[in-house]
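Report on the structure
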Protein chains: 4
Amino acid sequence: MSATARRSPALGQALPPWDVERWFNSEPLALSALRGRVVVVAAFQMLCPGCVAHGLPQAQRIADAFSPRELVVVGLHTVFEHHLAMQPHALEAFLHEYRVTFPVAVDRHDGQPVPCTMRSYRLAGTPSLLCADREGRLAYHAFGRPADLEVGAVLGQLVATPLSTSRVAAPLPGDAGCAPTGCPIPVTG
Amino acid sequence: MSATARRSPALGQALPPWDVERWFNSEPLALSALRGRVVVVAAFQMLCPGCVAHGLPQAQRIADAFSPRELVVVGLHTVFEHHLAMQPHALEAFLHEYRVTFPVAVDRHDGQPVPCTMRSYRLAGTPSLLCADREGRLAYHAFGRPADLEVGAVLGQLVATPLSTSRVAAPLPGDAGCAPTGCPIPVTG
Amino acid sequence: MSATARRSPALGQALPPWDVERWFNSEPLALSALRGRVVVVAAFQMLCPGCVAHGLPQAQRIADAFSPRELVVVGLHTVFEHHLAMQPHALEAFLHEYRVTFPVAVDRHDGQPVPCTMRSYRLAGTPSLLCADREGRLAYHAFGRPADLEVGAVLGQLVATPLSTSRVAAPLPGDAGCAPTGCPIPVTG
Amino acid sequence: MSATARRSPALGQALPPWDVERWFNSEPLALSALRGRVVVVAAFQMLCPGCVAHGLPQAQRIADAFSPRELVVVGLHTVFEHHLAMQPHALEAFLHEYRVTFPVAVDRHDGQPVPCTMRSYRLAGTPSLLCADREGRLAYHAFGRPADLEVGAVLGQLVATPLSTSRVAAPLPGDAGCAPTGCPIPVTG
């Protein structure tokens, strides 16, 4: 097995940290700082038809359905083709036009066509959806168009599973605010 | 509060038993015999456009997505209008044409326009979706067209919540078979 | 070639008269009385999923898009299975619930499973869509789910083709009223 | 009335020539050279959600449904916002990913935010659909999401209306080939 394959997360293993050039809609977010919450990574390219028609609307529905205290959605712009057409300034216009409001990270390029996090996560392409439990372990990985009912069931189970007792979710900068579904009591460490 | 209102199940209360004239796609199922499993009741009328376009396809997606050992979907034909056009023999043709494969119960009529279980559950109309946890307590009640992601999240949480230790799920007649998603080890009491 | 096949209308041949037991949403309409208008026949069964999901909504869109002075849509209830479940009283409830407002004819049964007009038109099943030009000649015949763009193109061409000079469209009882798209000047014979 | 407004085409008036920087999927096409055919102009921006979800798929359905001898679809990339993100090199990647096969013209910029043809046609925004008859006169102009049935009806009527006798459609370079729906006999001038 190659070094690359060994780095790849299997279900139940820790999701590796993401390697990001720039953030939109958010301050930089470290995966480790989200421990205690369910994390959904929606990998996409702005000129990928399946991402525009399915992946991003589904990610937005997830972000709207769960409290950010329980679950955080991160878009990951993993450009592996048409690099000149999908620069960050174009992505910014795209996110504005498509009303994407959740945090979006630009996957880092190091000179290879496929960017760093996409290689580390061994994604098959875009759109890809990865869900990690409150401990940061990969619990779901789909390429293409998984059904909302299936994704909802996975996330409902992850949200219902509490952190092991020795861990406490750390507060995030935006935690003072309210979720669309209500105003939760702030977590104190 | 009226006697009727008092009988109505609130979230967290036990779902009352259903009162049924006839079953399709199944032997008669008692709600009490399903204790230990999540129970989804999809109330519908065969000539209700919202049921045909949304409620029944969603119920079928739920039945296909979960193992019947974990979750049971029951269609409840709650005819409160056009009674002559929606007799059981017409329902049988309808279920055949629409390829409905989960158990369907015909709500009992006692001379009033609204049938017995529909009154007992105080449904607002059709389609209505009710979800009960493994203890038989109402956990979700929606009238209309709830989104798949929301329903999936609710059911994922209910499935992830085990029975309290003093209760054990009883086996059902069909439990020897396999679910669409795999062949579970039979439960032994 | 059998007598039945010889009776079948080919493209360009006169559409045979329909043989009808009963009408909903209209006085009885004779095909001959519609000469001068484009005629669309939407054959359906009320328990046919493809008719409910596609054929009838498309027929309603056609009826809403064209002036009834130019084009008349007729639904034809051609029951060839589950006869007991699709009696006229059930159809009446169905048309009410599905808000079908165009004229609907019940195809006559003479003891054979397939009703008379359906046999005469040699339909492959339901839904079927037939379009006749202003002279009453069959111009289009599709079984299944033809695309709106194709159907619109066919009907636009038929509406744009005037009657030959020797014929004049006869007024219908409802012609005094206005179409959804405007109030046309009444035709005078 | 301003000079701009006077230049604007009303229904029945000649569609002004387009002013184009560059073509994709085609040699340069002059509107005057298309006289004799129905012309459909689908104005869009590659980062306009309504264009991606509705306008461009509808334009492709039109291009697929009609013979290019009868009807020509031209996409017009009318960028009036996010100019840096929608340069021609990005459009080229977009057209490739979205499998757009009909000719696409890039509307010329002269230093103003709204490009030249878009101003000349007085478009309200994107997506916009304009249809000209075989004589080059504007017959239909819609902003937003016109229904396929309506657009099909308009185009069917335009295709069914022959050129006046003094005019003959000129052959185009690609006319030797076959349409998706068959191989028409070449027009000879």
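Our subject is the structure listed above.
Let me begin by describing the structure that accompanies this report. Nothing here was measured: the structure is a model prediction, and the numbers come from that model.

What follows covers the relation of the copies chain D and chain A. Superposing chain D onto chain A takes a rotation of 180° plus a shift of 0.0 Å along the axis, which leaves an RMSD of 0.0 Å. Taken together, the rotation and translation describe the operation of a two-fold axis. Counting the interface residues of chain D, we find that 100% of their copies in chain A are interface residues as well, pointing to one common contact surface.

Now for unusual backbone geometry. The residue after Thr126(B), namely Pro127(B), is reached through a cis peptide bond having omega -5°. For Arg122(A), which is not a glycine, the phi torsion comes out positive at approximately 50°. With respect to the helices and strands, Arg122(A) occurs in the loop between helix H4 (116-120) and strand E5 (128-132). On the accessibility criterion, Arg122(A) (44% relative accessible area) is partly exposed. Positive phi outside glycine occurs at His82(D), with the angle close to 50°.

In screw terms, the move from chain B to chain A is a rotation of 180° and a rise of 0.0 Å along the axis, fitting with an RMSD of 0.0 Å. Looking at the interface residues of chain B, 100% of them are also at the interface in chain A, so both copies use one shared face.

A few words on the interface of chain D and chain A. Contacts between the two partners involve 16 residues from chain D and, on the opposite side, 16 residues from chain A. Where chain D abuts chain A, roughly 1300 Å² becomes buried across the two surfaces, and 67% of that area is made up of carbon and sulfur atoms. Viewed at the interface, chain A and chain D are joined by zero salt bridges. Put simply, chain D and chain A have four residue pairs in polar contact (both at pLDDT 80 or more) between them. Going through the elements one at a time, helix H2 (49-65) and helix H3 (88-97) of chain D are the ones with two or more residues in the side of chain D that touches chain A. In terms of residue count, H3(D) provides more of the side of chain D that touches chain A than any other element does, six residues in total. A per-class count over the side of chain D that touches chain A returns 11 nonpolar, three polar and two charged.

Residue and element names in this part refer to chain A. The six strands are arranged E1-E4-E3-E2-E5-E6 in an open sheet whose pairing can be described as mixed. Of all strands in the sheet, those bounded by a partner on one side alone are strand E1 (20-24) and strand E6 (138-143). For this sheet the average axis-to-axis angle between neighbouring strands, irrespective of direction, equals 20°. Two strands pair when backbone bridges link them, and E1 and strand E4 (residues 104-107) are joined in this way by four bridges, in the antiparallel orientation. Across the sheet, tryptophan 23 pairs through a bridge with alanine 105, a residue of E4.

Another aspect to go through is the packing of aromatic side chains. Residue and element names in this part refer to chain B. Inspection of the entire model under this criterion finds 12 aromatic pairs over all chains. Ring geometry for tryptophan 18 and tryptophan 23: centres 6.2 Å apart, planes at 65°, overall edge-to-face. Exposure class is identical for tryptophan 18 and tryptophan 23. Each is buried. Relative to phenylalanine 94, the ring of phenylalanine 44 lies with its centre 6.5 Å away and its plane at 25°, an arrangement referred to as stacked.

What counts, and at which threshold
- Residues numbered from 1 in each chain as written.
- Chains lettered and ligands numbered in written order.
- Predicted model: local features only at pLDDT ≥ 70, side-chain atom pairs only at ≥ 80, totals over all residues.
- Heavy atoms only, no water.
- Least-squares fit on C-alpha atoms with pLDDT ≥ 70 in both.
- Contact = heavy atoms within 4.5 Å.
- Helix = DSSP H or I, 4+ residues; strand = E, 2+ residues; numbered from the N terminus.
- Buried < 20%, exposed > 50% of the residue type's maximum accessible area, 1.4 Å probe, protein only.
- Buried area = accessible area lost by both parts, 1.4 Å probe.
- Salt bridge = Lys/Arg side-chain N within 4 Å of Asp/Glu carboxyl O.
- Polar contact = N/O pair within 3.5 Å; in protein donor to acceptor, adjacent residues only side chain to side chain.
- Nonpolar A, V, L, I, M, F, W, Y, C, P; charged D, E, K, R; others polar.
- Pairing = 2+ DSSP bridges.
- Axes fitted to C-alpha atoms, helices over the stretch in contact; angles between N-to-C directions.
- Phe/Tyr/Trp six-rings, centres within 6.5 Å; stacked < 30°, edge-to-face > 60°.

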